[in-house]
Amino acid sequence: MSRYNKKKVIYLVRSPLSARDFKRFGIKNWINHKWETKVFDITKYLNPSFWRHVDGDKFSFNFEGLTIFQNINDVLSTINNLQNKVVFIDILGFSNAEMRIRAAARAHGVLVKIELGFIPKAKINKNIWELFSLIKNPIAFIKKSISFVKNKVQKIRAERYTDYIVVGGNKSMLGINEKQTSVIKAHNLDYDFFIQEEQVKSNKNSNYLVFLDEDAPYHSDFIRFGIKPYVTEDCYYPVMDLGLNEMAKSLKLNIKIAAHPKSNYAAKQKKYNQLILENKTFELIRDADVVIAHGSTALGWAVIMKKPIIFVTTDEIQNASYAKSYAKYIDNFAAILGKKAVNLSQLSSVNNWSDHLNIDNEKYEKYIENYIKTKGSPEKLVWDIVIEHIEQDLIL
């Protein structure tokens, strides 16, 4: 097999290629740099129930370079028959099948792993009673232990195949062996909006608060990973509506909901009794007086724009056994920005909503450094940084 005498990049993905992914993955950027660009999607083979749930054939973006595989042998055969070395963008998981695909790809080129989109993790502080309950239930304890060890081993194995890692923020660089892997310092994909927008100025006359929806009861990832949703629609929406109404009334603001990009509220009977806007999250945060959220990744935009943020939770999130990790995640996210989450099921405990509008500039800046933009990284679009680095490294 010859060296890199042809510009060819292949994305290895495990979720249907949406129009949003086509844009976020920078596929057009590679094409504009004269690269032959392909996407190998293994979702239909890897997770057929999830594929059916999202109607993958209809949902997938109409891109001539997209190949949807239905069995692993076809994937491996296609990779093994490549005539030239290829740059692979590794967006796979760590199952045995994905590790086989990753190994085959590594034998036919270089692997670029994307470590972007880091957010604060939940602090897991198990008390003596939680540990005791696990010991009392040895089956659950063994399953959790096996799952933990298996994930660790698979991630370590995957790192052996990685040639380049694209990072954004200090937290994404933890544990990386820079002697073994070439690090491409960049920023989160969402930061591209600030590079593309010539002017990121708020409309001072907007007069509204925005809630960053997470499609909490319906998100397709719950089906994809076999997880019970952290909230139920019957409990969640009435509490959220009441809380947002009280907040808006106190602050003398209107309410807008920034719909999660994967949501489909037009097809749902139970939802917010508020104005729901799709595909407008950046603009809604930009022009908002206050940003309300549980722990949306879009909060990075609010932090960069120095917006007042109010973190919110509910009794269901705080107390339900199926939402424990989510509750800890919200609480930790809030603490990192110098905040404390407000329980919208306990509105009588809130004396003045204005007390929650403080901005800790030092903590906001630290968040940007840790989770959004690597210090000293170029002020260029993420994928342009990656492409230029690869072209220079491989002399293409």
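None of the values given here were measured: they were computed from a predicted structure.

Undergrad: I'm lost on the sheet that holds strand β6 (residues 164-167) in this one. Help?
TA: Think of a sheet as strands paired side by side through backbone hydrogen bonds, with each pair either parallel or antiparallel. As summarised here, the arrangement of the seven strands in space is β3-β2-β1-β4-β5-β6-β7, forming an open sheet in which the pairing is parallel. The two strands at the open ends of the sheet, each matched to only one other strand, are β3 (66-68) and β7 (182-185). Ignoring strand direction, the axes of neighbouring strands in this sheet form an average angle of 25°. The pairing of strand β1 (residues 8-13) with strand β4 (residues 86-91) spans five bridges and is parallel. Residue pairing in the sheet places Y11 in a bridge with I89 of β4. Contacts between helix α7 (residues 96-106) and the sheet are confined to β1, β4 and β5 (109-115), with β5 contributing the most and set at about 130° to the helix. Contacts from helix α18 (residues 382-393) reach β1, β4, β5, β6 and β7 within the one sheet, and its direction differs from that of β7 by about 145°.

Undergrad: Got a minute to help me understand the packing of helix α6 (residues 72-80) against α7 in this structure?
TA: What describes two packed helices is the angle between their axes and the distance between those same axes. Relative to each other, α6 and α7 sit at 10°, their axes nearing to 9 Å. What the angle tells us is that α6 and α7 run roughly parallel. Residues I72, V75, L76, I79 and N80 of α6 lie in contact with α7, whose contacting residues are A97, R100, I101, A104 and A105. Here the contact of α6 with α7 is built from residues that sort into eight nonpolar, one polar and one charged.

Undergrad: Where do I start with the packing of aromatic side chains in this structure?
TA: For any pair of aromatic rings, the description rests on two quantities: the centre-to-centre distance and the angle between the ring planes. Under the criterion given, the structure shown has 25 aromatic pairs. Between Y230 and Y326, the ring centres sit 4.8 Å apart and the planes meet at 15°, which makes this aromatic pair stacked. With Y230 in the loop between α11 (220-225) and α12 (233-251) and Y326 in helix α16 (residues 324-336), the pair connects residues that are 96 residues apart, well separated along the chain. Y230 gets classed as partly exposed once you look at its relative accessible area, which sits at 21%. For the pair Y367 and Y371, a centre-to-centre distance of 4.8 Å together with 35° between the ring planes defines the contact as tilted. Placement of the pair is Y367 and Y371 together in helix α17 (residues 361-372), with a separation of four residues, close to one helical turn. Accessibility assignment for this pair places Y367 and Y371 in one class, buried. Taken together, the aromatic side chains of F222, Y230, F311, Y326, Y329, F333, Y367 and Y371 make up a single cluster linked through ring pairs. A cation over an aromatic ring shows up here: K256 above the ring of Y208, its NZ or CZ 4.2 Å from the ring centre. Sitting above the plane of the Y218 ring, K268 keeps its charged end 4.9 Å from the centroid.

Undergrad: Help me understand the pairing of strand β11 (residues 290-293), please; the structure alone is not making it clear to me.
TA: In β11, alternate side chains face the same way, and those of V290 and I292 on one face and V291 and A293 on the other are all buried. Bridge count between strand β8 (residues 208-212) and β11: three bridges; the pairing is parallel. Directly across from F211, in β11, lies its bridge partner I292. In terms of strand pairing, β11 meets strand β12 (residues 309-313) through three bridges, oriented parallel.

Undergrad: Would you mind showing me how to read the pattern of salt bridges here?
TA: Taken as a whole and judged by the stated rule, the model has 17 salt bridges. Between R224 and D221 there is a salt bridge; the shortest N-O distance is 3.6 Å. One end of the pair is R224 and the other is D221, both in helix α11 and three residues apart, which spans about a single turn. Under the relative-accessibility criterion, D221 is labelled partly exposed at 22%. The shortest N-O distance in the salt bridge between K373 and E379 comes to 3.6 Å. On the accessibility criterion, E379 (51% relative accessible area) is exposed. Salt bridges sharing partners connect three or more residues here, namely K6, K8, E36 and K38.

Each value, and the rule that gives it
- Residues numbered from 1 in each chain as written.
- Predicted model: local features only at pLDDT ≥ 70, side-chain atom pairs only at ≥ 80, totals over all residues.
- Heavy atoms only, no water.
- Pairing = 2+ DSSP bridges.
- Helix = DSSP H or I, 4+ residues; strand = E, 2+ residues; numbered from the N terminus.
- Axes fitted to C-alpha atoms, helices over the stretch in contact; angles between N-to-C directions.
- Contact = heavy atoms within 4.5 Å.
- Parallel < 35°, antiparallel > 145°, perpendicular 65-115°, else oblique.
- Nonpolar A, V, L, I, M, F, W, Y, C, P; charged D, E, K, R; others polar.
- Phe/Tyr/Trp six-rings, centres within 6.5 Å; stacked < 30°, edge-to-face > 60°.
- Buried < 20%, exposed > 50% of the residue type's maximum accessible area, 1.4 Å probe, protein only.
- Lys NZ or Arg CZ within 6 Å of the ring centre and 35° of its normal.
- Salt bridge = Lys/Arg side-chain N within 4 Å of Asp/Glu carboxyl O.

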